[in-house]
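A structural walkthrough
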Amino acid sequence: MTTTLDTPQAEVVNRAARPKALDVVPLRHWWRWAFSAVAVFLLAQLIWTFFSNPQWRWNVFAEYFFNEAVLRGLWLTLWLTGISAVIGFALGGILAVARLSGSALLSSFAWGFIWFFRSVPLVVQLVIWYNLGYLFPTLGIGWPFTYDFFVVEFDTVRLLSGSVAAILGLSLHQAAYSAEIIRGGLLSVDQGQLEAARALGIPRGRRFFRIVLPQAARAILPNAFNEVIGLLKGTSVVFVVALPELFYTVQVIYNRNQQVVPLLLVAAVWYTIFTTVLSIAQYYIERRFSRGTARELPPTPLQRARRRIAALAGDVRRGPRSGRERSPRGARTGASTGPVSAHSVAAITAHAQ
């Protein structure tokens, strides 16, 4: 014999059987807020100093920011960076492959090259190349182990000008560091893929350029761009060979007018601008090479800004919502599942059986 509860009694029983709603208390990151407040205070203090301290002399900064001599020095800085980066990474790639080769002679030569040019400071290298004429007054092609040049002969002082000495010093110094970066990227590729490609009979050149190098690029790119940015700022040391790059030009100007801080600020801002450009290029190039590691690439800052603007515009057009709120996209309310979910569960269960 069964008894049926009245409707009010059933509601009481159902209400008692339901789990009580839990009070969700958000985490309070006190230290995060404290450090954020300190960071905001320091940034505000720095900005206030820029506008309140007359010693910055922004009028002098504006006068020399697009000065013709400064722009020529900037162009020389960019030219030295580009040429040295191309030569350095090309030679570094050859050295990295030589270090990984099975030849003990090639591996030892590459290791010795990297060891030497990483041991000697860049300033010392530049001075040595600039004064190479003291050791070898003439250079050319002749008999081995002699100084008799019968094919071609050059005057070393004329051959190794300040520009050539700077390119040699920067390129060889960069090649030593880029070789280790490229070698580390090549070693990061799973060896199982190489064994599988070798078992399939894929030629060695195609294995390297189509399988190894694209995967190694994901590990090489961050450090490579870091080196290029360091090279951009490192060109400031070529003042030792009297090349009028950006920093040397700024030095010459403030030695004449004694406006040290505004002229140094000019150089700092130009370096910051091109470092930012390289950082943006690094972000988009890394994003392109990460397409094989993520199902969906994260949105770029421009895409995030566009989505936020579109969402704000949509909220403004719709106005305040009234009545029943619509659940977020992709979210489900309630404990019951629709026909599609039931069908999916049944299909998965049948497949498992």
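Residues numbered from 1 in each chain as written. Predicted model: local features only at pLDDT ≥ 70, side-chain atom pairs only at ≥ 80, totals over all residues. Heavy atoms only, no water.

Structural notes on the overall build of the protein
Here is the rule we go by: Secondary structure elements follow DSSP: runs of H or I no shorter than four residues count as helices, runs of E no shorter than two count as strands, and numbering proceeds from the N terminus. Working definition: with a 1.4 Å probe on protein chains only, accessible area under 20% of the residue-type maximum means buried, over 50% means exposed, and in between means partly exposed. Note on definitions: a residue-residue contact is assigned when non-hydrogen atoms from the two residues lie within 4.5 Å. Shrake-Rupley sampling with a 1.4 Å probe provides the accessible areas, and residues are treated as covered by the protein chains on show and by no other component.
Counting secondary structure elements, the protein contains 15 helices and two strands. Classification of the 353 residues of the protein by burial places 27% in the buried group. Counted over contacts in the protein with a minimum sequence separation of 6, partners at least 24 positions apart contribute 68%. Carbon and sulfur atoms provide 64% of the accessible area of the protein, an area that totals close to 25500 Å².

A short note on the packing of aromatic side chains
Short version of the rule: Two rings from Phe, Tyr or Trp (for Trp, the six-membered ring) form a pair when their centres sit within 6.5 Å of each other. Planes less than 30 degrees apart are called stacked, planes more than 60 degrees apart edge-to-face, and all others tilted.
This structure, assessed with the given rule, holds 16 aromatic pairs. Residues Trp111 and Trp115 carry aromatic rings whose centres are separated by 6.3 Å and whose planes lie at 5 degrees to one another, so their mutual orientation is stacked. Taken together, the residues span about one helical turn, with Trp111 and Trp115 both in helix H5 (residues 104-119) at a distance of four residues. Classification of Trp111 by relative accessible area gives partly exposed; the value is 48%. Clustering of aromatic rings is evident, with ring pairs tying together Phe50, Trp56, Trp58, Phe61, Phe65, Phe66, Trp270 and Phe274.

Thoughts on the confidence of the model for the protein
What counts here: Note on scores: pLDDT gives the predictor's confidence for each residue, bounded by 0 and 100.
Per-residue confidence for the protein gives a mean pLDDT of 82, with 83% of residues at or over 70. Predicted confidence is poor over residues 322-353, with pLDDT under 50, and the contacts of this stretch with residues over four places away or in other chains come to four contacts.

Details of the pairing of strand S2 (residues 149-155)
For the record, the criterion: Only strands joined by at least two bridges in the DSSP assignment are considered to pair.
Pairing of strand S1 (residues 138-142) with S2 involves five bridges; the strand directions are antiparallel. Bridging across to S2, Gly142 finds its partner in Phe149. The loop that links S1 with its antiparallel partner S2 comprises six residues; one of these, Phe145, has a positive phi angle of about 60 degrees.

Details of the packing of helix H3 (residues 58-65) against helix H13 (residues 260-289)
Here is the rule we go by: Orientation is described by lines fitted to C-alpha atoms, with helices fitted over the stretch in contact, and by angles between N-to-C directions that extend from 0 to 180 degrees. Convention used here: angles under 35 degrees read as roughly parallel, angles over 145 as roughly antiparallel, angles from 65 to 115 as roughly perpendicular, and any remaining angle as oblique. Crossings are sorted by hand: turned counterclockwise from the far helix by less than a right angle, the near helix makes the crossing left-handed, and turned clockwise it makes it right-handed.
Relative orientation of the contacting elements H3 and H13 amounts to 55 degrees, with a least axis distance of 9 Å. The orientation of H3 with respect to H13, classified from their angle, is oblique. The two elements H3 and H13 cross, and the hand of that crossing is right-handed. Taken together, the residues of H13 that come into contact with H3 (itself represented by Trp58, Val60, Phe61, Tyr64 and Phe65) are Pro262, Leu263, Leu265, Val266, Val269, Trp270 and Ile273.

Concerning the environment of Gln282
By the element assignment, Gln282 lies in helix H13. Sequence spacing of Gln282 and Asn226 is 56 residues, and the spatial spacing of their C-alpha atoms is 9.2 Å. With residues up to four places along the chain from it excluded, the contact list for Gln282 reads Pro222 and Phe225.

Some words on the UniProt feature "transmembrane region" (unreviewed entry) in the protein
Keep this limit in mind: UniProt positions are given in the numbering used here, feature names are shortened, and annotations may be inferred rather than shown by experiment.
Mapped onto the present numbering, the UniProt feature "transmembrane region" (unreviewed entry) falls on residues 30-51, 74-97, 228-248 and 260-285. When the span residues 228-248 is considered, its composition is 48% helix and 0% strand, and the gap between its end C-alpha atoms is 20 Å. Across residues 260-285, helical content stands at 100% and strand content at 0%; the span's end C-alpha atoms are separated by 38 Å.

Side note on helix H12 (residues 246-257)
Inclusion rule: Given the number of residues in a helix, its expected span is that number minus one, multiplied by 1.5 Å. Throughout this description, a polar contact denotes any pair of N or O atoms lying within 3.5 Å of each other; where both atoms belong to protein, one of them has to be capable of donating a hydrogen while the other can accept it, and for residues adjacent in sequence the pair is counted only when both atoms sit in side chains.
For H12, spanning 12 residues, the distance from its first C-alpha to its last is 17 Å, which sits close to the expected 16 Å at 1.5 Å a residue. Among the residues of H12, Leu246, Thr249, Val250, Gln251, Ile253 and Tyr254 are the ones counted as buried. Along its buried surface, H12 packs onto H3, helix H4 (68-100) and H13. N-capping of H12 is provided by Glu245, with a side-chain oxygen placed 2.9 Å from the backbone N of Phe247. Gln258, located one to two residues past H12, shows a positive phi value of around 65 degrees.

A word on the nonpolar core
Selection criterion: We define a nonpolar core as any set of buried Ala, Val, Leu, Ile, Met, Phe, Trp, Tyr and Cys residues linked to one another through side-chain atoms lying within 4.5 Å.
Ranked by size, the top nonpolar core spans 25 residues in total, and within it Leu80, Leu126, Leu170, Ile182, Ile220, Val238 and Leu243 carry the most contacts. Counting residues per element, the ones that place at least two in this core are H4, helix H6 (122-130), helix H9 (162-187) and helix H11 (204-234). When near neighbours in sequence (up to four residues on either side) are disregarded, Leu243 contacts Leu76, Leu80, Gly162, Ser163, Ala166, Val238 and Tyr248. Formed by 17 residues, the second largest nonpolar core is a distinct cluster that contains Val70, Val250, Ile253 and Trp270.

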